[in-house]
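# Structural description and commentary
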Amino acid sequence: MQLQSQTERLRYFIDIAYDGGPYHGWQRQHQSITVQEVLEGALSTLLRKEMSVVGAGRTDAGVHAKQLYAHFDFETEWTPEEIKYLQFRLNRFLPEAIAVNDILKVREEAHARFDATRRSYVYKVHTFKDPFLINQSYFFEKELDFDRMNKAAKFLLGKQDFKCFSRSNTDVKTYLCEIVEAQWIKQENTLLFKISADRFLRNMVRAVVGTLLEIGLGKLNPQDLKTIIASRTRSEAGASAPAHGLYLTEVRYPEEIFLPYGK
């Protein structure tokens, strides 16, 4: 790429999507291939400099993302044409399971993780055998009570302590999350669970889904969810739903952190 004038530091957000099947989650790990490692390797090769990226959050092994932002710093201000060319080259260089949706210039202090105001997930369940949904949706043959699951989902709304849905030994300062959307939607033979919040705990969405599925099976009553949340005990909630049905679908930020090119 042709480089323009050098500056002290510029920050960019990179918007990516990926199939989580081939990777051991987002975050770089020893002896396991991750999305972060592959993305950093591609950026380092194309920009001819050791690059590191900071993601909006971590997804577990097998979890997919339709949109995840990460930020990186580089000492060059690119034109819109150069940005599109970098995006093109990254998409040619990255494996088929990872795609770059966009690259955006942001304020120097903008942070992909700490500035995110909302994160949204979708969990997919299909109730008929479909070979084309292998590793893309959770095949659940047993009959589920859709109305019971939606009645229970309403108890998730609001700002609450969700320690009962958190992975054990998680290093966090607070278990408080504010959930603003939680509902099941029917699409033919597929059930979609949509959930949005200001933040999520590790393994939280899969634990929520697993618990709601037990309610849908009649093993728990909808109002039992209130008792489970109040218990703050992981063993009181249901088993985690499989990773391959979960998709991070959107990450939102304040508009003011984004900058037009040339400024």
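Residues numbered from 1 in each chain as written. Predicted model: local features only at pLDDT ≥ 70, side-chain atom pairs only at ≥ 80, totals over all residues. Heavy atoms only, no water.

So, about the UniProt feature "binding site: substrate" (unreviewed entry) in the protein. As annotated by UniProt and renumbered to match this structure, "binding site: substrate" (unreviewed entry) occupies Tyr121. Tracing the backbone through its elements, the reader meets Tyr121 in strand β5 (residues 118–126). With a relative accessible area of 11%, Tyr121 lands in the buried category. Not counting residues up to four positions away in its chain, the partners in contact with Tyr121 are Phe193, Lys194, Ile195, Phe200, Val205, Leu246, Tyr247, Leu248 and Thr249. (UniProt positions renumbered as here; feature names shortened; annotations may be inferred. Helix = DSSP H or I, 4+ residues; strand = E, 2+ residues; numbered from the N terminus. Buried < 20%, exposed > 50% of the residue type's maximum accessible area, 1.4 Å probe, protein only. Contact = heavy atoms within 4.5 Å.)

Another point: the nonpolar core. Formed by 82 residues in total, the largest nonpolar core has its most connected members in Phe72, Leu90, Leu156, Phe165, Trp184 and Phe193. A per-element tally of this core places helix α4 (residues 204–216) first, with 8 residues. Lining this core are residues from two domains, each supplying at least three of them: domain 1 (10–114) and domain 2 (118–249). Leaving out residues up to four positions away in the same chain, Leu90 has contacts with Ile14, Ala42, Leu43, Leu46, Val100 and Ile103. (Core = buried A, V, L, I, M, F, W, Y, C linked by side-chain atoms within 4.5 Å. Domains from an automatic or database assignment.)

Two measures describe an aromatic ring pair: the distance that separates the ring centres and the angle between the ring planes. With the rule as written, the count across this model stands at 14 aromatic pairs. Seen in terms of ring centroids, Phe13 and Tyr253 are 5.1 Å apart; in terms of plane orientation they differ by 65°. Their pairing is edge-to-face. On the criterion of sequence distance, the pair formed by Phe13 in strand β1 (residues 6–18) and Tyr253 in the segment after β10 (246–252) is long-range, its members being 240 residues apart. Comparing Phe13 with Tyr253 shows no difference in burial state: the two are buried. Both rings, one in Tyr138 and one in Phe140, keep their centres 5.5 Å apart while their planes meet at 75°; by these two values the pair is edge-to-face. The buried category is assigned to Phe140, whose relative accessible area is 10%. Among the aromatic residues, those joined into a cluster by ring pairs are Tyr12, Phe72, Phe74 and Trp78. Geometry around Tyr247 places Lys66 over its ring, the cationic atom sitting 5.7 Å from the centre. (Phe/Tyr/Trp six-rings, centres within 6.5 Å; stacked < 30°, edge-to-face > 60°. Lys NZ or Arg CZ within 6 Å of the ring centre and 35° of its normal.)

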